[in-house]
Amino acid sequence: MLVPLTRQKFEQVVPLIATGLQYKYYWGKFSNFLQRLLISVVAVVVILLVIVIFKLEFASIVFVVGVISAFFWLWYPVFQASMRNLQCRRYKYGGFFRGRVLDWWITDQLMGKTETVNSKGELVIIENREKQINLEVGDETGFSIEFVAPLRSAYKVITRGQIAEMVVMSNRSDLSIIEEFSDIYFPSRDLWVSDYPYLRRDFFNEVGRRLREDQQQKPRRRRRRTEE
């Protein structure tokens, strides 16, 4: 089932400003925080040196730039997430898709390589690999997509035939060509499968709930007409 979303609903579900989950995603590990903090410190030092050397008198401008630089470590994850959200919102049309898991499998993805030297002075290449879950989700019309995300222990409850929901994006009003799609939600398990959390989950769940209610009411209406 593929139901077009109004532009208003689409922009509610795909936020412009980073949500808490999106901010957490781009906050990263402690090493990422240290990198941003180092950039902040270096930027503040450079600004102070420029003020001293060139004796700048634009105090208000320098102060604003200094504050922005000092808090780079804090606001940069918001900027990264918001830019990623903007890439999704540039699509003209969005739709709510509900299908079922047709198949799933686990793969081992090479993320990078690190070169080091062992105790014997020999060059050793260490491969950084990450297990990923691959999902094929489709509906009765023959439409299907393949989705890949880092493997989590919570995903062990996923089975073939489970209902899966997501938002799809397109530049065609009939959604005949899907160019991007969001993370996947399994309503029977209240489980999200994702790498990056694209959606405002509270709004998405509300949209899904209303569509489920509408779908349940339609057969009853048809029976009443037949009886009449």
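Residues numbered from 1 in each chain as written. Predicted model: local features only at pLDDT ≥ 70, side-chain atom pairs only at ≥ 80, totals over all residues. Heavy atoms only, no water.

- An unreviewed UniProt entry annotates the protein as Phosphate ABC transporter permease originating from Nostoc commune NIES-4072.

## Side note on the overall build of the protein
No. 1: Looking only at helices and strands, the protein features 6 helices and 8 strands.
No. 2: Each helix and strand of the protein, placed in order from N terminus to C terminus, yields the pattern β-α-α-α-α-α-β-β-β-β-β-β-β-α.
No. 3: For 228 residues, the compact-globule estimate of 2.2 N^0.38 gives 17 Å, and the protein exceeds it by more than 25% at 24 Å.
No. 4: When its C-alpha atoms are laid out on the principal axes, the protein stretches across 90 × 60 × 30 Å.
No. 5: Per-residue burial over the protein gives 31% buried out of 228 residues.
No. 6: Summing over all exposed atoms, the protein offers an accessible surface of approximately 14,800 Å²; the carbon and sulfur share of this is 58%. (Helix = DSSP H or I, 4+ residues; strand = E, 2+ residues; numbered from the N terminus. Rg over C-alpha atoms; globule rule 2.2 N^0.38 Å. Buried < 20%, exposed > 50% of the residue type's maximum accessible area, 1.4 Å probe, protein only. Areas by Shrake-Rupley, 256 points an atom, 1.4 Å probe, with all protein chains shown as cover.)

## Let's talk about the nonpolar core
No. 1: Formed by 20 residues in total, the largest nonpolar core has its most connected members in Val13, Phe96, Val167, Met169, Leu199, Phe204 and Val207.
No. 2: Secondary-structure elements contributing two or more residues to this core are helix H1 (7–13), helix H5 (72–89), strand S5 (163–170) and helix H6 (201–227).
No. 3: Two domains share this core, each providing at least three of its residues, namely domain 1 (2–7 + 92–217) and domain 2 (21–90).
No. 4: Residues within four places of Val167 in sequence aside, it is in contact with Leu5, Phe10, Val13, Gly95, Glu180, Phe181, Ser182, Leu199 and Phe204. (Core = buried A, V, L, I, M, F, W, Y, C linked by side-chain atoms within 4.5 Å. Domains from an automatic or database assignment. Contact = heavy atoms within 4.5 Å.)

## A short note on a nonpolar patch on the surface
No. 1: A cluster of nonpolar side chains, contributed by Leu16, Ile17, Phe63, Val64, Val67, Ile68, Phe71, Leu74, Trp75, Phe79, Met83 and Leu86, occupies part of the molecular surface with about 1,100 Å² of accessible area.
No. 2: Of all the secondary-structure elements, those providing two or more residues to the nonpolar patch are helix H4 (59–70) and H5.
No. 3: With respect to the helices and strands, the residue Leu86 is situated in helix H5. (Patch = residues over 30% accessible without salt bridge, like charges linked within 9 Å, V, L, I, M, F, W, Y side chains within 5 Å. Salt bridge = Lys/Arg side-chain N within 4 Å of Asp/Glu carboxyl O.)

## Re the domain arrangement of the protein
No. 1: Taken domain by domain, the protein holds domain 1 (2–7 + 92–217) and domain 2 (21–90).
No. 2: Each of domain 1 and domain 2 has a C-alpha centre, and these two points are 32 Å apart.
No. 3: Taken together, the contact pairs 10 residues of domain 1 with 10 residues of domain 2.
No. 4: Surface buried jointly by domain 1 and domain 2 totals about 870 Å² across both partners, of which 53% is contributed by carbon and sulfur atoms.
No. 5: Considering only the surface of domain 1 that becomes buried against domain 2, Tyr196, Pro197 and Tyr198 emerge as the three largest contributors, covering 59% of it.
No. 6: Grouping the constituent residues of the side of domain 1 that touches domain 2 by class yields 5 nonpolar, 1 polar and 4 charged. (Buried area = accessible area lost by both parts, 1.4 Å probe. Nonpolar A, V, L, I, M, F, W, Y, C, P; charged D, E, K, R; others polar.)

## Digging into the pairing of strand S2 (residues 93–117)
No. 1: Here 4 bridges tie strand S1 (residues 2–5) to S2, and the two strands are oriented antiparallel to one another. By the bridge assignment for S2, Leu2 is matched with Phe97.
No. 2: Here S2 runs beside S5; their pairing, made up of 8 bridges, is antiparallel. Bridge pairing in S5 links Arg98 to Glu165. (Pairing = 2+ DSSP bridges.)

## Overview of the packing of helix H2 (residues 20–27) against H5
No. 1: Between H2 and H5, the shortest axis-to-axis distance is 8 Å and the interhelical angle comes to 115 degrees. By the angle class used here, H2 and H5 are roughly perpendicular. Considering only the axes of H2 and H5, their crossing is right-handed. Residues Gln22, Tyr23, Tyr25, Tyr26 and Trp27 of H2 form the contact with H5, whose participating residues are Trp73, Leu74, Pro77, Val78, Gln80, Ala81, Arg84 and Asn85.
No. 2: Within the contact of H2 with H5, the residues separate by chemical class into 9 nonpolar, 3 polar and 1 charged. (Axes fitted to C-alpha atoms, helices over the stretch in contact; angles between N-to-C directions. Parallel < 35°, antiparallel > 145°, perpendicular 65-115°, else oblique. Left-handed = near helix turned anticlockwise from the far one by under 90°.)

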